[in-house]
Amino acid sequence: SGSGGDEDDERIVSDECIDLEASMQFLFRTLLEALSEHRRVSFFLDDLQFADPASLRLISSMLSNTMERSSRGRVFFACCYRDDDIHEGGNFASWRLSIKMFPLDVMELKNVGVEGVNELVSETLRLSPRITRPLASIVHQKTRGNPLFLRQLLDLLQHQGYIYLNLSPRRWAWDIDKITNLEISDDVVALLIKEMQRLHADLQLCLKVASCMGFCVKYSTFDILSQDLGVNLRELLHQAAQKGYMVQVDETKIRFAHDKIQQAAYEILPSQQRLENHMRFGLVLTSHVLNGGVENDELFFVAVHQINRGGPGVLASNSNQKDMVAALNLRAGKRSMELSDFSTALSLFEHGITFLEEGTCWTTQYTVSLELFDAAVETACALNDAVAVRRLSEQVLANAKCNDDTLNCLYAVVKSLRLAFKLQDSKRVAFTMLEQLGERIPRPVDDITLAANIQEVKLLLQNMSDESILNMKETQTKKRDVLALNLYHDLNFLFQFIDPKRIADTSLRMAQITLSNGSCCMSPLAYAQFAIVLVTMGDTGLGYRLGTLALRLLDKINAQRYTSAVIALVGTLVSWVAE
């Protein structure tokens, strides 16, 4: 889903190039400080070996902030991980080394010892520990005390008759020699696979489907897939839960009892079958979302994620479906941007690009190609990923049919270079954009024509009432005006560092565009910038009036995203001079 055309036009160039990850870290630190001010707070973070780099950096930020602030002693972190899933040089291994600076207590939870295994076997078989000790010793040797492995091995031994119910005396018994000589994999996943392959075909199908869908899935999602597969997955899931493979979370969701169980169920499938399953399930769920008449963001994202896991190779011979999937990723990415999930948005846009026909997409799929690459460049800029901005923008600049089709991409490049503080390069690209927009290059303040133009705008403002300024018609060239005003606003920032004499002309042009074309979301910022020029040149009265109108205009039009900037400019550079 997406917003209307006008809102899309305003959003195209409105978001500033900021470090969203740093902003998120700041918000979490602030929230933690507020929560821990009058109470103790505990965090239990499990399976950190699977965490993505951004999440690990967020945890580091919270740890650092806790040590530096007064909340120290009131916040407790318990970070758990499995060391057998760690790869040297991987994200988690590097992160674990980076947090050694913090005073952390390391507690190693070892596998179950021989006595612990014997206690478990004794309680399971309802026999004295003295009787079960020989069996427990062999079981411990084969499982190394891994709890999950231990449970699965006991089930296997019972299923294959190595542990059996004796009638005289009436108790559990076992064949110690056969168990000792039994050859089993030392990998719990291999053992689980072997056990699952003995299950009924429908139950195997259920576990395979669930493993493709993820660790924890809603029953309603399985209900949709049941219609396509012709089986009652909900009933089969309950059977899987009875056998210990699944655990019901609540009335709406079910999950695997352990991630190794999901891994085993997934590895039963041949690699090509996995890809085909992901694509099939994704398309089924997508059809349900698109034809259901009710928007369901969660299910839509699940569907697109499944399709992307299938990959373009599965649809190699179906160009129409590949076009549809590319468009679905574009739609999902735009929705992620609306939800401020820029990392997911970039991933979706780049997945959409992979479904385009390589080598011919700019000829046969020009519109969707341009939209995907434009959106990906903008999102990469928002994530401060300069490498991705450069890589993606090169494609747009090389393949765009006209200069207008490069403008959004070029503006993202301007912001990316500015954020990297490559100000001269940013200015160079911005000047290229101005030429393509038919705008003039900003003049220095000592240009004799500039003073005359400023005087013209001053006279125009003096002859306009406050109400006429506030109630100006909306511009008919919104997309172009918003882009130009954003570009001039960015140039104002650049010129503060490299060419301050040109700020007056950029601010003047912002006011001219608004006064001649009509109002848009950027108009309050345009008036605020020009108000600063007027105050600087000594016309405090008109500057203060225009600054006040900029503040009033914020409430009148859809300009919330510029509220802080306008208040800051007017409050610090205009109001205090006059008041």
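1. Thoughts on the overall build of the chain
- Across its full length, the chain holds 29 helices and 7 strands.
- Expected size for 579 residues packed as a compact globule is a radius of gyration near 25 Å; at 32 Å, the chain overshoots this value by more than 25%.
- Taking the principal axes of the C-alpha coordinates as reference, the chain spans close to 110 × 60 × 40 Å.
- For the chain, the residues scored as buried account for 46% of the 579 residues in total.

2. Topic: the packing of helix 9 (residues 188-196) against helix 13 (residues 259-268)
- Running from N to C, helix 9 and helix 13 cross one another at 60 degrees; their axes reach a closest spacing of 9 Å. On the basis of the axis angle, helix 9 is oblique to helix 13. Two packed elements cross with a definite hand, and for helix 9 against helix 13 that hand is right-handed. Contacts between helix 9 and helix 13 involve V188, V189, L192, I193 and M196 from the former and K260, I261, Q263, A264, A265, E267 and I268 from the latter.
- Of the residues that constitute the contact of helix 9 with helix 13, the class distribution is 9 nonpolar, 1 polar and 2 charged.

3. Brief notes about a nonpolar patch on the surface
- A surface patch of nonpolar side chains, about 390 Å² in accessible area, is lined by M24, F26, L27 and F28.
- You can see F28 is positioned in helix 2 (residues 20-36).

4. Things to note about the packing of aromatic side chains
- Inspection of the entire model under this criterion finds 9 aromatic pairs.
- Ring geometry for F92 versus W95: centroids 5.6 Å apart, planes at 40 degrees, classification tilted. In this pair, F92 and W95 are both assigned in helix 4 (residues 91-98), 3 residues apart and thus about one turn of the helix distant.
- On the basis of relative accessibility, which here comes to 5%, the residue F92 falls in the buried class.
- Residues W362 and F373 carry aromatic rings whose centres are separated by 5.3 Å and whose planes lie at 35 degrees to one another, so their mutual orientation is tilted. Highlighted residues: W362 in helix 18 (residues 361-364) and F373 in helix 19 (residues 366-382), separated in sequence by 11 residues.
- Owing to a relative accessible area of 10%, W362 belongs among the buried residues under this scheme.
- With relative accessibility at 5%, the residue F373 sits in the buried group.
- Aromatic ring contacts, followed pair by pair, group Y81, F92 and W95 into a single cluster.

5. Quick word on the side chain of Q204
- Inspection of the secondary structure puts Q204 in helix 10 (residues 201-213).
- At 3.0 Å, the side chain of Q204 and the backbone oxygen of L199 are in polar contact.
- Apart from the residues within four sequence positions on either side, Q204 is in contact with M196, Q197, R198 and L199.

6. Quick notes on the pattern of salt bridges
- Counted by the stated rule, this structure contains 24 salt bridges.
- Taking the shortest distance from any N to any O, the salt bridge between E439 and R480 comes out at 2.7 Å. With E439 in the loop between helix 22 (423-437) and helix 23 (448-462) and R480 in helix 25 (residues 478-498), the pair connects residues that are 41 residues apart, well separated along the chain.
- Relative accessible area serves as the criterion here: at 8%, E439 is assigned to the buried category.
- With relative accessibility at 27%, the residue R480 sits in the partly exposed group.
- R502 serves as the salt-bridge partner of D499, at 2.5 Å between the closest nitrogen and oxygen.
- Classification of D499 as buried rests on a relative accessible area of 18%.
- A cluster of three or more residues bridged by salt bridges with shared partners is formed by E439, R480, D481 and R509.

7. Topic: the environment of S23
- For S23, the location among the structural elements is in helix 2.
- Owing to a relative accessible area of 30%, S23 belongs among the partly exposed residues under this scheme.
- Considered as a pair, S23 and S98 are 75 residues apart in the sequence and their alpha carbons are 21 Å apart.

8. Quick look at the pairing of strand 4 (residues 170-174)
- As judged from the 5 bridges shared by strand 3 (residues 163-167) and strand 4, these two strands associate in the antiparallel manner. Its bridge partner being in strand 4, N166 is matched across the sheet by R171.
- Linking strand 3 to strand 4, which pair antiparallel, is a turn of 2 residues.

The rules behind each value
- Residues numbered from 1 in each chain as written.
- Predicted model: local features only at pLDDT ≥ 70, side-chain atom pairs only at ≥ 80, totals over all residues.
- Heavy atoms only, no water.
- Helix = DSSP H or I, 4+ residues; strand = E, 2+ residues; numbered from the N terminus.
- Rg over C-alpha atoms; globule rule 2.2 N^0.38 Å.
- Buried < 20%, exposed > 50% of the residue type's maximum accessible area, 1.4 Å probe, protein only.
- Axes fitted to C-alpha atoms, helices over the stretch in contact; angles between N-to-C directions.
- Parallel < 35°, antiparallel > 145°, perpendicular 65-115°, else oblique.
- Left-handed = near helix turned anticlockwise from the far one by under 90°.
- Contact = heavy atoms within 4.5 Å.
- Nonpolar A, V, L, I, M, F, W, Y, C, P; charged D, E, K, R; others polar.
- Patch = residues over 30% accessible without salt bridge, like charges linked within 9 Å, V, L, I, M, F, W, Y side chains within 5 Å.
- Areas by Shrake-Rupley, 256 points an atom, 1.4 Å probe, with all protein chains shown as cover.
- Salt bridge = Lys/Arg side-chain N within 4 Å of Asp/Glu carboxyl O.
- Phe/Tyr/Trp six-rings, centres within 6.5 Å; stacked < 30°, edge-to-face > 60°.
- Polar contact = N/O pair within 3.5 Å; in protein donor to acceptor, adjacent residues only side chain to side chain.
- Pairing = 2+ DSSP bridges.

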